[in-house]
Amino acid sequence: MIQKKIVEFNKGKILTASMLSQIQTNAELVWRLYETYPDGIIKGFTPFEKENRIYISKGLVKYDGTVYYLDEDVCFDELIKDCDNSSESEYVMVISSDATERIAESIYSRKLAFKFVRANEYNSSSKDIPILKFVSARSKYTLFRSVDDLKKRNFNIDLFFLNYSLETGNTFNPYVFNLLKLYLEEKSDKVEMDYSILSMLYNNEAVSADILRMYIKRFGHSSYSDNLTGRELLSAFIATIDKVKEIRHEEVKAENKINSVSMGRSY
């Protein structure tokens, strides 16, 4: 039988143990959707700019096998006030475990918190989930708004962690994929694999990092390694897009030259 059990709430009605149990069961059924997902961001936690300030959007995150939610956007500029701003230091902003708080009889809240770790002390094998990297003591923080910004390093907030959770594994935040999609859309002389990746990104806000690795392998980028960091993987993918663009441009020139010679002979 395919069904969904619904608990009715009416004024003056007493909630029974079975009703409360059903409410909990309904909630658990939703979380089970993410049972096979690795730890990481499931939805949201994406940086965005508003009124000249950086915010982190609300969302869902899986931490140590449990799904948690951030129920409102938070201001990055406010969060970093506790960092040492006396000199420029590189920090990693992570989601980490926090205290458990009892909020009512038999009800408690298990919490996560944003924490800041100096980049040279960050342990990538810990349970903490990285959100972004930044340099303290900056008067203004900026996100990269295009792939060209990335190439020129016209930004000071780094989003290149493989921290976004898909059933197939961890990948980049949708913010990164949106800019890659725009870059591929603007690319002339696309190859078949470009269209395949664009099709995936039109239907999904993020795709497996293995798709990027496959693209790099397919077109033989010389610096490829299975052990690339997130930043190295993204840089190699963009460099491969540019390499394919140049190869395809030369192919089109050669095709046009052959066609023009053939047309000349036909006359």
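On the surface, a nonpolar cluster with roughly 370 Å² of combined accessible area is contributed by Phe9, Leu15, Leu20 and Ile23. Considering the arrangement of structural elements, one finds Leu15 in the segment before α1 (17-31).

Take the layout of surface pockets next. The gaps left among the atoms become clear once a water-sized probe is rolled over them. Estimated volume of the largest pocket: approximately 1,300 Å³. With eight residues, the single largest contributor to the lining of the largest pocket is strand β8 (residues 107-118). Within this model, the second largest pocket holds a volume of roughly 550 Å³. Taken together, 22 residues make up the lining of the second largest pocket; nearest its centre are Tyr122, Ser124, Pro130, Phe161 and Leu162. Elements supplying a minimum of two residues to the lining of the second largest pocket: β9 (129-135) and α7 (230-266). In terms of residue count, the dominant contributor to the lining of the second largest pocket is β9 (three residues). Here the lining of the second largest pocket is built from residues that sort into eight nonpolar, seven polar and seven charged.

In this structure, strand β7 (residues 90-104) lies alongside β8, joined through 11 bridges in antiparallel fashion. Its bridge partner being in β8, Met93 is matched across the sheet by Phe116. Between β7 and β8, which follow one another and run antiparallel, lie two residues, and Ser106 among them has a positive phi close to 65°.

Moving on: unusual backbone geometry. The backbone of Phe45 sits at a positive phi, close to 55°, despite the residue not being glycine. Among the structural elements, Phe45 can be located in the loop between β1 (40-43) and β2 (47-50).

It is worth spelling out the sheet that holds β7 at this point. Strand order in the open sheet formed by four strands is β8-β7-β9-β10, and the pairing between neighbours is antiparallel. The open sheet has two edge strands with one neighbour each: β8 and β10 (157-158).

Our focus in this paragraph is the sheet that holds strand β6 (residues 74-75). Whenever strands of a sheet pair, they do so through backbone hydrogen bonds, lying parallel or antiparallel. Ordered by their spatial adjacency, three strands build an open sheet running β2-β3-β6, and the pairing between neighbours is antiparallel. In this open sheet, the two edge strands, each paired with only one partner strand, are β2 and β6. Sheet topology places strand β3 (residues 53-56) next to β6; two bridges connect them, and they run antiparallel. Residue pairing for β6: Tyr55 is matched across the bridge by Cys75.

Geometrically, a pair of aromatic rings is defined through the distance of the ring centres and the angle of the planes. Considering all chains together, one arrives at 16 aromatic pairs under this definition. Ring geometry for Phe45 against Phe114: centres 6.2 Å apart, planes inclined by 65°, an arrangement best described as edge-to-face. Of this pair, Phe45 sits in the loop between β1 and β2 while Phe114 sits in strand β8; the two residues are 69 residues apart in sequence, bridging distant segments of the chain. Of the residues examined, Phe45 reaches a relative accessible area of 4% and is grouped as buried. Among the residues examined, Phe114 registers a relative accessible area of 19% and is labelled buried. These aromatic residues form a ring-pair network of at least three members: Phe76, Tyr91, Phe116, Phe134 and Tyr141. Directly above the ring of Tyr55 sits Lys50, whose terminal nitrogen or CZ lies 4.9 Å from the centroid. For Arg218, the ring lying beneath its charged end belongs to Phe219, and the centroid distance is 4.6 Å.

What counts, and at which threshold
- Residues numbered from 1 in each chain as written.
- Predicted model: local features only at pLDDT ≥ 70, side-chain atom pairs only at ≥ 80, totals over all residues.
- Heavy atoms only, no water.
- Patch = residues over 30% accessible without salt bridge, like charges linked within 9 Å, V, L, I, M, F, W, Y side chains within 5 Å.
- Areas by Shrake-Rupley, 256 points an atom, 1.4 Å probe, with all protein chains shown as cover.
- Salt bridge = Lys/Arg side-chain N within 4 Å of Asp/Glu carboxyl O.
- Helix = DSSP H or I, 4+ residues; strand = E, 2+ residues; numbered from the N terminus.
- 1 Å grid on protein atoms, 1.4 Å probe; cavity = no way out; pocket = protein on both sides within 12 Å on 5 of 7 lines; lining within 4 Å.
- Points joined across faces, edges and corners; volume = space filled by probe spheres on them.
- Nonpolar A, V, L, I, M, F, W, Y, C, P; charged D, E, K, R; others polar.
- Pairing = 2+ DSSP bridges.
- Phe/Tyr/Trp six-rings, centres within 6.5 Å; stacked < 30°, edge-to-face > 60°.
- Buried < 20%, exposed > 50% of the residue type's maximum accessible area, 1.4 Å probe, protein only.
- Lys NZ or Arg CZ within 6 Å of the ring centre and 35° of its normal.

Keep in mind that these numbers describe shape and distance, not what the molecule does.
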